[in-house]
Protein chains: 2
Amino acid sequence: MQKEREEFLKEFTSFLQDRGFIWGPSPEIYGGFAGFYTYGPMGKLLKNKIENTVRSIFQSNNFWELETPIVLPDIVWKASGHLDTFADRIIRCSKCKAVFRADKLIEDRIDKSVDHYSDQQLLNAISENNIKCPSCSSDFVYDIKKQSLMMKTKVIDEDASLRPETATVTYLPFRRYYSFFRGKLPIGVFQIGKVFRNEVSPRQHVIRSREFTQAEAQIFIDPEKKNEWEKFEDVKKDKLPFWPWQDQESGKDPSSVSVEAAIKKGWLKTKSYAWCIWLAYTQFINMGIPPGSIRLRQHNPDEKAFYAEDAWDIEVKLRSFGWTECCGVHDRTDYDLTQHSKFSKVNLSATREDGSKVTPHVLEIAFGIDRPVLALLDIFYEKREKEEGKTLLNIPYKLAPIEVMVFPLIKKPSLLKLAEKVKKGLENDFVVTYDEAGSIGKRYLRSTELGVPYCLTIDFDSVKKKDVTIRDRNTAKQIRVKISDLKEVLRKLLENEIKFEKAGKLIKVSSLEK
Amino acid sequence: MQKEREEFLKEFTSFLQDRGFIWGPSPEIYGGFAGFYTYGPMGKLLKNKIENTVRSIFQSNNFWELETPIVLPDIVWKASGHLDTFADRIIRCSKCKAVFRADKLIEDRIDKSVDHYSDQQLLNAISENNIKCPSCSSDFVYDIKKQSLMMKTKVIDEDASLRPETATVTYLPFRRYYSFFRGKLPIGVFQIGKVFRNEVSPRQHVIRSREFTQAEAQIFIDPEKKNEWEKFEDVKKDKLPFWPWQDQESGKDPSSVSVEAAIKKGWLKTKSYAWCIWLAYTQFINMGIPPGSIRLRQHNPDEKAFYAEDAWDIEVKLRSFGWTECCGVHDRTDYDLTQHSKFSKVNLSATREDGSKVTPHVLEIAFGIDRPVLALLDIFYEKREKEEGKTLLNIPYKLAPIEVMVFPLIKKPSLLKLAEKVKKGLENDFVVTYDEAGSIGKRYLRSTELGVPYCLTIDFDSVKKKDVTIRDRNTAKQIRVKISDLKEVLRKLLENEIKFEKAGKLIKVSSLEK
């Protein structure tokens, strides 16, 4: 199993690099910094698509996007608790002095989460399991130290840190939102942006890196109204793959249960929080992750952050790394606003209609963008037999980084000119590229490797009859469509509004031309 | 003049804050860090629009987007020269010890750029003009020191810096591009992302801040082919507002001259570079900046970066700060690839068809996103008489942060339900929001303050006849349109494909209802 995964990962990483998806660790020419990656042309197109999907789902559910700074003065991180407590627990080899995360050493050995262990419990587990330094097999110094995850900087003379999450920074302008939204709760806001963590052991490709993109949505809500949530009614019958912590402990599988039933069973406490779980799940479905590869895992009471009232993760099953945490949904109570009000001495309460004051609670949906991008590539990448091209990206058509490619059949001026014109006509509405190099068969293969759903070929008939051939990625079937209808036909095809065979005149293709 | 500007700026800044465009310096509740800002809900919508316009213009001109890390090891900045030379020149007050940028102190007094002065020239100018400490009026310590603009950090134990531009980082994966694009020059790539500069004196709102967003496009080109640029032919007749450095010195105004003529006059050296100037100008026109507010200023030979073969800026005229540099177009020659090849010992050359090797030159178009966002607000913000609402945002319809607002005439369930349905139907295609609070007149005023082009009102007739009223922001005219036609009509209106009066049945509005 482990070996199979390692082989897959090797082959998959080289696909990511050769096809322009993800390069790194960056900067490669200088040997690379562990935990930093570069999105190549294909990877960036895909990442933009995912970010836009996320943005549009949040916006249509009444969240407003913000952009706050990445660098903040340390008083913010003192108030949030990050400066004192956001740290890896490390242990040092007595001989080679190499440093490792104590929890990861144990988890690699016993295959169980030990996040919630005390320092003493970690030391005990290292002794009991006789764990030695992975580099030189010597004993560890019997002492757990903390390595802060905060990346520090100075703004001229003042101590500051790069944010390790967007959430904290999103809470700070609460008074601004409260005034912009005319003093009414609930208020929904979100950010998509870079965050930084000084991980001791960055690992699993972009899954645990040092610089990554987070999408984090926050609802400020009156704690007395957590069970009054109109939008709950629209989604309560939807079934999600819930895995409460008791079922995890007793070895049961996740079960498909309606959001409403999950509340009745006591798995979820409030309608507003339940709706957040539903929305987070919906985000991942909309990103194109297959439902069978998703489960909702509740945190064990020992595992939750100290301020969290409840916490569930979305996990996605990867071929390279197995079930992987990709999203957290948290009821953070009034922890954040209370802390920042205390440290800033600014009142961060809201006023109810009856005049009484309340510090809003925060419900949070937090996920990375890099993980779902990697997940989509991991799930939909396929190795092929040599004669068909080496690889295929079987990604859902709507998520394809490049949607349309335009090929002149051969390099004749009349075809090149028309091909260029067809491309120009489509580029406001689609991600479209142009390729004139090599045989048409080679170009089809290249397009399949990049997961392009539709290729348009411009031939001599195109010049005469003003039509082109559209080839479908998955079936290699071809139809003939008028240039004037192209925009509408491609839109309908990508939105899955019509069948390919009905979208134009189906043409016979000899196996050679496929 | 100065006083007028200051008054405008005060009024304008409070508009930016109250209407949810830009807040700061952030974090406000902790007193604010100079040079850091937050985009509120309206500002972020506008910033996203600008970024998407930029993205789409670059993409349709064959540039591919990338995303590289923000944090890089210091060897990169050693090679690029930033670590040693990218610094402000500062001078310290002998009494109060306050620190100031020497060049800015002089420029504020003599209204002339002294960027290219030597340290000794700066000291002389301070003496000659009898410049004293702005804080306490004492003399300065007669010594120019360097304050690095690099924001430093550590990745565990290694020295690293936050990038002060995206360009350098974009050059590092050259070998990856070269292979992805199958060994063919020219190659066009771009990035849109955050950069950080430890400015001694952040000033002029987001114009000179410490954390900001850059859009930087790079063309890798064979130096022998800088004059072979096919796309030049399509644009050579376009007239741009050129201001060569000789004309600046002789006190002439910029002149509207075709790109082709600018080459003939010797203002521009190569067709490829001339096309870059044209593309940069096109970006600003597409962002909605009025042509009359743009000029192209050539750098004086003393002012150019030491590695730059030629350098022109795009300047935009702001009501708050006058003519403001918003974009630079540079011929960076082979400086960057040569440096990084030397420091990394990796070959960064390309191979010509005849087998000979060449280190590509780089043509760069670099601009911030924050400056054009501020420029649009600065140019299109209008103060109004009290009875019409206090302010108006007269932004071009295509650039409006919110494109459509939906209002139920009054809070009756049938109207609320239909309004919600109309909104849902539009939200995949437009930025659309919903407002039910206050009289319809008040809601119209609020929409005008935010620059919303079209408001849809749902009344009792809407329920019966399945149509709505569309109100035009600038004329307050109203038309009646079928709900089933809304998407198409709004699209055509925003694309300026039809006249408002022809887009539906014009209805009479009493002045009261306007």
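## Comments concerning the sheet that holds strand E5 (residues 87-92) of chain B
Within a sheet, adjacent strands bond to each other through the backbone by hydrogen bonds, running parallel or antiparallel. Residue and element names in this part refer to chain B. Spatial ordering of the open sheet is given by E6-E5-E7, a layout of 3 strands whose pairing is antiparallel. Of all the strands in the sheet, just strand E6 (99-101) and strand E7 (145-148) have a single pairing partner and so form its edges. Direction aside, the axes of adjacent strands within the sheet are offset by 50° on average. Relative to E7, E5 runs antiparallel, the two sharing 4 bridges. Of the residues in E7, the one forming a bridge with Arg89 is Lys146. With respect to the sheet, helix H5 (residues 102-110) is in contact with E5 and E6, its orientation differing from that of E6 by roughly 65°.

## Focus: the packing of aromatic side chains
Residues and elements named next belong to chain A. Here the structure, examined in full by the defined rule, presents 54 aromatic pairs over all chains. Look at Tyr177 and Phe220: their rings are 5.8 Å apart centre to centre, the planes differ by 45°, and that puts the pair in the tilted class. Note that Tyr177 is positioned in helix H8 (residues 174-180) and Phe220 in strand E11 (residues 211-221), a separation of 43 residues in sequence. Like Phe220, Tyr177 is buried.

## Here's the deal with the nonpolar core
Core analysis: the largest hydrophobic core is formed by 107 residues, its most contacted members being Phe242, Phe284, Ile365 and Phe367 of chain B. The leading source of residues in this core is helix H12 (residues 271-286) of chain B, at 10 residues. Non-local contacts of Phe284 of chain B, meaning those with residues more than four positions away in its chain, are made with Ile289, Ile294, Ile314, Val316, Cys326, Cys327, Phe367 and Pro372 of chain B. Leu45, Ile192, Ile207 and Ile402 of chain A belong to the second-largest nonpolar core, a separate cluster that totals 106 residues.

## A closer look at the sheet that holds strand E23 (residues 432-434) of chain A
All names here are of chain A. Read across the open sheet, the 6 strands follow the order E23-E22-E24-E25-E26-E27; overall the sheet is mixed. Each edge of the sheet is formed by a strand with only one pairing partner; in this case those strands are E23 and strand E27 (505-507). Going across the sheet, the axis of each strand differs from the next one's by a mean of 30°, ignoring polarity. This element, helix H18 (residues 486-494), spans strand E22 (404-408), strand E24 (454-458), strand E25 (467-472) and strand E26 (478-482) of the sheet and lies at about 155° to E24.

## Some words on the confidence of the model for chain A
Here chain A averages 93 in pLDDT, while 97% of its residues score no lower than 70. Confidence estimates for the predicted assembly give a pTM of 0.95 and an ipTM of 0.94.

## Digging into the interface of chain A and chain B
Contacts between the two partners involve 76 residues from chain A, matched on the other side by 76 residues from chain B. Together chain A and chain B conceal approximately 6300 Å² of surface at their shared face, both sides included; 63% is due to carbon and sulfur atoms. The tally of links between chain A and chain B comes to 12 salt bridges. The partner of Asp435 of chain B in a salt bridge is Arg182 of chain A, with the nearest N and O atoms 3.2 Å apart. For the interface between chain A and chain B, the tally reads 26 residue pairs in polar contact (both at pLDDT 80 or more).

## Here we look at H12 of chain B
Helix length check: H12 of chain B (16 residues) gives 22 Å between terminal C-alpha atoms against 22 Å at 1.5 Å per residue, within 8%. Once H12 of chain B ends, the next one or two residues include Gly288 of chain B, with phi positive near 100°.

## Here's the deal with helix H16 (residues 440-449) of chain B
One turn of an α-helix holds 3.6 residues; hence residues three or four places apart share an orientation. All names here are of chain B. Looking only at H16, the buried set comprises Ile440, Arg443, Tyr444, Ser447, Thr448 and Glu449. Lining the buried residues of H16 we find helix H1 (2-18), strand E21 (391-393), strand E22 (404-408), strand E24 (454-458), strand E25 (467-472) and strand E26 (478-482). A positive backbone phi angle near 80° is found at Gly451, which sits one or two residues after H16.

## Re the packing of helix H5 (residues 102-110) of chain A against helix H6 (residues 119-128) of chain A
All names here are of chain A. Contact geometry for H5 and H6: axes closest at 10 Å, N-to-C directions at 45°. With respect to H6, the element H5 is oriented oblique. In this structure, the crossing between H5 and H6 has a hand that is left-handed. Here Ala102, Asp103 and Ile106 of H5 lie close against H6, whose contacting residues are Leu122, Ala125 and Ile126. By residue class, the composition of the contact of H5 with H6 is 5 nonpolar, no polar and 1 charged.

## Brief notes about unusual backbone geometry
Following Ser26 of chain A, the chain continues into Pro27 of chain A via a peptide bond in cis, with omega recorded as -10°. Turning to its location among the elements, Pro27 of chain A is positioned in the loop between strand E1 (22-23) and strand E2 (38-39). The peptide bond linking Gly24 of chain B to Pro25 of chain B adopts the cis configuration, its omega dihedral lying at -5°. Summarising the element assignment, Pro25 of chain B is placed in the loop between strand E1 (22-23) and strand E2 (38-39). Phi is positive for Thr333 of chain A, which is not a glycine, with a value near 50°.

## Some details on the environment of Gly328 of chain B
Residues and elements named next belong to chain B. Along the polypeptide, Gly328 turns up in strand E16 (residues 322-331). Along the sequence, Gly328 and Ile470 sit 142 residues apart, while their C-alpha atoms lie 42 Å from each other. Look past the residues within four positions of Gly328 in its chain and what remains in contact with it is Trp312, Asp313, Glu364, Ile365 and Ala366.

## Overview of the relation of the copies chain A and chain B
Here chain A sits on chain B after a turn of 180° about the axis and a move of 0.0 Å along it, with an RMSD of 0.0 Å. The superposition of one copy onto the other is thereby described by a two-fold rotation axis. Considering only C-alpha atoms, the residue of chain A closest to the rotation axis is Thr153 of chain A, which sits at 2.5 Å. Looking at chain A, 100% of its interface residues are interface residues in chain B too, so the copies touch through the same face.

## Quick word on the domain arrangement of chain A
Frequently, the measure chosen for interface size is the accessible area that the parts lose on association. Entries for chain A in the domain assignment read domain 1 (87-148) and domain 2 (402-513). Of note, the centres of domain 1 of chain A and domain 2 of chain A, computed from C-alpha atoms alone, are 57 Å apart.

Rules used throughout
- Residues numbered from 1 in each chain as written.
- Chains lettered and ligands numbered in written order.
- Predicted model: local features only at pLDDT ≥ 70, side-chain atom pairs only at ≥ 80, totals over all residues.
- Heavy atoms only, no water.
- Pairing = 2+ DSSP bridges.
- Helix = DSSP H or I, 4+ residues; strand = E, 2+ residues; numbered from the N terminus.
- Axes fitted to C-alpha atoms, helices over the stretch in contact; angles between N-to-C directions.
- Contact = heavy atoms within 4.5 Å.
- Phe/Tyr/Trp six-rings, centres within 6.5 Å; stacked < 30°, edge-to-face > 60°.
- Buried < 20%, exposed > 50% of the residue type's maximum accessible area, 1.4 Å probe, protein only.
- Core = buried A, V, L, I, M, F, W, Y, C linked by side-chain atoms within 4.5 Å.
- pLDDT = per-residue confidence, 0-100.
- Buried area = accessible area lost by both parts, 1.4 Å probe.
- Salt bridge = Lys/Arg side-chain N within 4 Å of Asp/Glu carboxyl O.
- Polar contact = N/O pair within 3.5 Å; in protein donor to acceptor, adjacent residues only side chain to side chain.
- Expected span 1.5 Å × (residues − 1).
- Parallel < 35°, antiparallel > 145°, perpendicular 65-115°, else oblique.
- Left-handed = near helix turned anticlockwise from the far one by under 90°.
- Nonpolar A, V, L, I, M, F, W, Y, C, P; charged D, E, K, R; others polar.
- Least-squares fit on C-alpha atoms with pLDDT ≥ 70 in both.
- Domains from an automatic or database assignment.

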